[in-house]
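Spelled out, the chains give:
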Amino acid sequence: METKKLFVCDVLPTDNCHATTVLPLDDGRAICAWFGGSKEGKDDVDIWYAVKNGEKFGKPVIMSKEKDVPHWNPVLFEHKNGNISLFFKVGKKIPYWRTFRAISTDKGNTFSKPKELVKGDRSGGRGPVKNKCLRLSSGRILAPASTEHTGWICFVDISDDDGMTWRKSKRVKTEYCPPLMNSLNGHSKNKIPMIQPTLWESEPNKVHMLTRTAVGRIYRSDSEDGGETWCEAYPTDLPNNNSGIDLVKVPDGRIYLLSNPVSENWGERSPLTLSLSKDNGKTFETVLTLEEEKPDSEFSYPAIVYKNGTLYISYTWERKNIAYWEIKV
């Protein structure tokens, strides 16, 4: 593999950063966004973004914001007309997040004033919660979503008008937890705590998700109707540390997955690895370790996008910077 790694910020403009998203553009530039402030969940945390032009990123830019309220989990997405949406969450308490969106009509140079994605919604989970939206072969857009209101529950938000309006799919049902899992704080009794799905389409309208969980492994669910309904989620052999994952399917059918392969609930967020599946996600093999395991280190919340033979990757690097990779595949 031919790889290139750099940091998005020469000097991070805030004390802390987390939760990245990346979007390569047709003109060769790339955009990264994240949230940053004094500490995750503090009122001064805002959405930041920077644009790579050539060999390095430009100066980070802060989004306009609501005052004195934390911002979370930006997600970039390019529409058919070339406009770029930057989705993000706003709220002091995760179960009551509101979803906002800013739009760029000039390829990421500037963004509009953010507006609520679904006006008046207080469910905590409309639109993408961490990972990128998926455009299906039909043109439909699926936003991988989850809520933490009455347990950790996954679904997708569906748009059939290129992101203008959205409606929720059926929630993804789960099996019962083992009795020892019932006491997990904040999760609904007897259900697998499952959030932050990442999506791919294997055939027209056949869609699949892998999810973060609190039970030591990644779970999977499948849809036969373009994301309208989902089968009961089932366990994979992939370890999960109750931290974010992301994947992308490339045109020849290969699937690349970024994760921390640690099978402990709230386990270490290190190492960070890139794994490959050639059988539609049934099995994966590690093909690259992006960050080695170190005590108390954090390399987390990865994002991955494919464009023109290259994987574009970003992730939280020790909460001190945003790491960015380009990998030829």
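What counts as what
- Residues numbered from 1 in each chain as written.
- Predicted model: local features only at pLDDT ≥ 70, side-chain atom pairs only at ≥ 80, totals over all residues.
- Heavy atoms only, no water.
- Pairing = 2+ DSSP bridges.
- Helix = DSSP H or I, 4+ residues; strand = E, 2+ residues; numbered from the N terminus.
- Axes fitted to C-alpha atoms, helices over the stretch in contact; angles between N-to-C directions.
- Buried < 20%, exposed > 50% of the residue type's maximum accessible area, 1.4 Å probe, protein only.
- Phe/Tyr/Trp six-rings, centres within 6.5 Å; stacked < 30°, edge-to-face > 60°.
- Core = buried A, V, L, I, M, F, W, Y, C linked by side-chain atoms within 4.5 Å.
- pLDDT = per-residue confidence, 0-100.
- Contact = heavy atoms within 4.5 Å.
- Polar contact = N/O pair within 3.5 Å; in protein donor to acceptor, adjacent residues only side chain to side chain.

### Things to note about the sheet that holds strand β16 (residues 206-213)
Part 1 of the reasoning: The sheet built from four strands is open, its strands ordered β15-β16-β17-β18 with antiparallel pairing. The open sheet has two free edges, formed respectively by β15 (194-203) and β18 (234-239), since each of these has just one partner strand. On average, each strand axis in the sheet is tilted by 30° relative to the strand beside it, whichever way the strands run.
Part 2 of the reasoning: Bridge count between strand β17 (residues 217-223) and β18: three bridges; the pairing is antiparallel. The residue of β18 that forms the bridge with Y219 is P235.

### A short note on unusual backbone geometry
Glycine aside, negative phi is the norm for most residues, and most peptide bonds take the trans geometry.
Part 1 of the reasoning: Following S270, the chain continues into P271 via a peptide bond in cis, with omega recorded as 0°.
Part 2 of the reasoning: One can find P271 in the loop between β20 (255-259) and β21 (272-277).
Part 3 of the reasoning: Positive phi, close to 55°, is recorded for D68, a residue that is not glycine.
Part 4 of the reasoning: By the element assignment, D68 lies in the loop between β6 (61-62) and β7 (71-78).
Part 5 of the reasoning: With relative accessibility at 56%, the residue D68 sits in the exposed group.
Part 6 of the reasoning: Phi at D162 is positive, roughly 60°, even though this residue is not glycine.
Part 7 of the reasoning: Here D162 lies in the loop between β13 (153-159) and β14 (167-168).

### A short note on the packing of aromatic side chains
Part 1 of the reasoning: Evaluation of the coordinates by the stated rule reveals nine aromatic pairs.
Part 2 of the reasoning: Judged by centre distance (6.2 Å) and plane angle (85°), the ring pair of F87 and W166 falls under edge-to-face. A residue pair is termed long-range when its members are at least 10 positions apart, and F87 in strand β8 (residues 84-90) and W166 in the loop between β13 and β14 qualify at 79 residues. Of the two residues, F87 and W166, neither departs from the other in class, the shared state being buried.
Part 3 of the reasoning: An angle of 50° between the planes, with centres 6.2 Å apart, marks the rings of F299 and W317 as tilted. Note that F299 is positioned in strand β23 (residues 299-307) and W317 in strand β24 (residues 310-317), a separation of 18 residues in sequence.
Part 4 of the reasoning: Among the aromatic residues, those joined into a ring-pair cluster are F7, F299 and W317.

### Brief notes about the nonpolar core
Part 1 of the reasoning: Judged by nonpolar contacts, the single largest core of 24 residues is most densely connected at I31, Y49, M63, L76, I84, L86 and F111.
Part 2 of the reasoning: Among the secondary structure elements, those contributing two or more residues to this core are β2 (16-24), β3 (30-37), β4 (46-53), β7, β8 and β9 (98-104).
Part 3 of the reasoning: Here the element with the most residues in this core is β8; it accounts for four residues.

### Regarding the confidence of the model for the protein chain
Part 1 of the reasoning: When the pLDDT values of the protein chain are averaged, the result is 94; 96% of them are 70 or greater.
Part 2 of the reasoning: In the model, residues 182-186 has pLDDT below 50 throughout and makes eight contacts with residues more than four positions away in sequence or in other chains.

### Let's talk about the side chain of E298
Part 1 of the reasoning: When you line up the elements, E298 lands in the loop between β22 (285-291) and β23.
Part 2 of the reasoning: You can call E298 buried: its relative accessible area is 14%.
Part 3 of the reasoning: Polar contacts involving the side chain of E298 include one to the side chain of R269, which spans 3.1 Å.
Part 4 of the reasoning: Within the structure, the side chain of E298 is placed 2.6 Å from the side chain of S300, a separation counted as a polar contact.
Part 5 of the reasoning: Other than its neighbours up to four places away in sequence, E298 contacts H18, R269, T316, W317, E318 and R319.

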